[in-house]
Amino acid sequence: RLKPPFPAVYGLYGKPTVVNNVETISNIPHIVLKGDAWYAQIGTQKSTGTRIFSVSGHVVRPGNYELPLGTPLREIIENHAGGLREGRKLKAIIPGGSSTPVLTPDKLDIPMDFESVAQAGSALGSGGLIVMDDTTCMVHVAKRLMEFYYHESCGKCTPCREGSSWILQILERIEGGEGRMEDIDLLVNLCKNIQGKTFCPFGDAEIAPVLSTIQFFRDEYEQHIREGQCIMKKGRLLSVGH
């Protein structure tokens, strides 16, 4: 078979099987004891309950915060995670784990629920927030994340296996000061040839950081290519993976 069946159709012992993570399962006792109506009052009408937001990056208090779905992004970053480091400005946020498109500071007041984040152009995903301040090189962010996805690709299907390798090589070339202006459009073209063409959603996941950083920070890609270096390296460079 090209694909195994979904567990909800054919799973353990050939029976329909529900697969959930610990975060979901931990809600069950509370719902059983207090009822579904009680649980539905938490969060928003369509995104009920709480979510564990794992905040990392350039914040004062990185950590895991269980909050009602729909809590504003600004409240999570400023009130719970302590805000950005002194003297720094917000540059970008990855709202739902590394496979979700980056958001810019103008989206800081969106409610963190599935519908609102999707409407803002990204996805709530795993609830893993990566906060990046103005010392961050977005080309480096894309390269660092693509290193991860290239390593994690199972290699089964050609678009993901070959595409992730080619994208990483181009990003390394740009980051290394040897990029060409046409590389930016080439990256977009490669991503479009991966999107929707892989056996599993991993292919779509790996291109999100690349496409979104080009969309919002294309000038940084152009600067790398034009000057043959990253302006962040002249000062401090603190980014994803550091």
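Since we're looking at a predicted model, the values are computed, not measured. Per chain, residues are indexed from 1 in the order of the written sequence. With pLDDT at 70 or above as the cut-off, local features in this predicted model cover only qualifying residues; side-chain atom pairs require 80 or more to be listed or tallied, and sums for whole chains, interfaces and linings still use all residues. No hydrogens and no water enter the side-chain calculation; it runs on all heavy atoms of the structure.

S.K.: Could you clarify how one ought to interpret the overall build of the protein chain in this entry?
M.R.: The helix count covers DSSP runs of H or I at least four residues long, the strand count covers runs of E at least two residues long, and both are numbered beginning at the N terminus. Helix and strand counts for the protein chain stand at 9 helices and 4 strands. N-terminal to C-terminal, the α/β element order of the protein chain is α-α-α-β-β-α-β-α-β-α-α-α-α. Against the globule reference of 18 Å for 242 residues, the protein chain gives a C-alpha radius of gyration of 20 Å, in line with a compact fold. Considered along the principal axes of its C-alpha atoms, the protein chain spans approximately 60 × 55 × 25 Å. Within the span of the protein chain, comprising 242 residues, buried residues form 41% of the whole. Radius of gyration means the value over C-alpha atoms here, while the globule rule gives 2.2 Å times the residue count to the 0.38 power. Burial classes: relative accessible area under 20% of the type maximum marks a residue as buried, over 50% as exposed, and values in between as partly exposed (1.4 Å probe, protein chains only).

S.K.: I would appreciate a short explanation of the layout of surface pockets in the present structure.
M.R.: The gaps of empty space that remain are located by a probe, the size of a water molecule, rolled over the atoms. Using a grid of 1 Å spacing that covers the protein atoms alone, one calls a set of points a cavity when a 1.4 Å probe fits there but cannot get out, and a pocket when the set is open and has protein on both sides within 12 Å along at least five of seven lines; lining residues are those with an atom within 4 Å of a point. Grid points are joined across faces, edges and corners, and a volume is the space filled by probe spheres set on the points. The space that makes up the second largest pocket amounts to roughly 180 Å³. Forming the walls of the second largest pocket are Asn21, Glu23, Thr24, Asn27, Ile31, Tyr39, Ser47, Thr48, Thr50, Arg51, Leu69 and Phe114. Counting only elements with at least two residues in the lining of the second largest pocket, the list comes to helix H1 (22-25) and strand S1 (50-57). Basically, the charged four are Asp, Glu, Lys and Arg, the nonpolar ten are Ala, Val, Leu, Ile, Met, Phe, Trp, Tyr, Cys and Pro, and anything else, Gly included, counts as polar. In terms of residue class, the lining of the second largest pocket is made up of 4 nonpolar, 6 polar and 2 charged.

S.K.: Help me understand unusual backbone geometry in this model?
M.R.: Excluding glycine, residues mostly have negative phi values, and the peptide bonds linking residues are mostly trans. The residue tyrosine 13 is not glycine, and still its phi comes out positive at about 55 degrees. Tracing the backbone shows tyrosine 13 in the segment before H1. Looking at tyrosine 13, the relative accessible area reads 75%, which means it is exposed.

S.K.: For this particular structure, what's the right way to read the packing of helix H7 (residues 158-175) against helix H8 (residues 182-194)?
M.R.: With axes taken as lines fitted to C-alpha atoms, and helix axes fitted only over the stretch in contact, angles between N-to-C directions fall between 0 and 180 degrees. One can describe the packing of H7 onto H8 by two numbers: an axis separation of 10 Å at closest approach and a directional angle of 165 degrees. For the element pair H7 / H8, the angle class is roughly antiparallel. Helix-helix and strand crossings are classified by hand; for H7 and H8 the assignment is left-handed. Here Pro159, Gly163, Ser164, Trp166, Ile167, Ile170, Leu171, Arg173 and Ile174 of H7 come into contact with H8, specifically with Asp183, Leu186, Leu187, Leu190, Cys191, Asn193 and Ile194. Any angle that falls under 35 degrees is termed roughly parallel, while one over 145 is termed roughly antiparallel, one within 65 to 115 roughly perpendicular, and all others oblique. Take the far helix as your reference; a near helix turned counterclockwise from it by less than a right angle gives a left-handed crossing, and one turned clockwise gives a right-handed crossing. Only heavy atoms enter the contact rule, under which two residues are in contact if any of them lie within 4.5 Å.

S.K.: Just checking my understanding: could you explain the sheet that holds S1 for this structure?
M.R.: Sheets are built from strands paired through backbone hydrogen bonds, the pairs being either parallel or antiparallel. Two strands pair under a simple rule: DSSP has to find at least two bridges between them. If you walk across this open sheet you meet the 4 strands as S2-S1-S4-S3, and the pairing is mixed. Taken across any chain shown, the strands that pair with only one partner, and hence form the sheet edges, are strand S2 (63-68) and strand S3 (90-94). In this sheet, adjacent strand axes meet at a mean angle of 30 degrees when their direction is disregarded. Both S1 and S2 contribute to a ladder of 6 bridges, which runs antiparallel. Considered in S2, the bridge of threonine 50 is made with proline 68.

S.K.: Help me understand H7, please; the structure alone is not making it clear to me.
M.R.: Owing to its 3.6 residues per turn, the α-helix aligns residues three or four sequence positions apart on the same side. For H7, built from 18 residues, the straight-helix expectation of 26 Å at 1.5 Å per residue is met to within 8% by its first-to-last C-alpha distance of 25 Å. For H7, the set of buried residues is Cys160, Gly163, Ser164, Ser165, Ile167, Leu168, Ile170, Leu171, Ile174 and Glu175. At the exit of H7 stands glycine 177, carrying a positive phi of roughly 85 degrees. To estimate how far a helix should reach, multiply one less than its number of residues by 1.5 Å.

S.K.: Help me out: how do you make sense of the nonpolar core in this one?
M.R.: Nonpolar side chains tend to gather and get buried jointly when the protein is soluble and globular. Here the nonpolar core consists of buried residues drawn from Ala, Val, Leu, Ile, Met, Phe, Trp, Tyr and Cys, with membership extended through side-chain atoms lying within 4.5 Å. One finds Met146, Ile167, Leu171, Ile174, Leu187, Val210 and Tyr221 to be the most contacted residues of the largest nonpolar core, which totals 24 residues. Among the elements that take part in this core, helix H9 (residues 202-227) stands out by supplying 7 residues, more than any other. In this structure, isoleucine 174 is in contact with Val139, Gly179, Asp183, Leu187, Tyr221, His224 and Ile225, ignoring residues within four places of it in sequence. The next biggest cluster of nonpolar side chains, apart from the first, holds 20 residues, and it includes Phe53, Val59, Tyr65 and Leu124.

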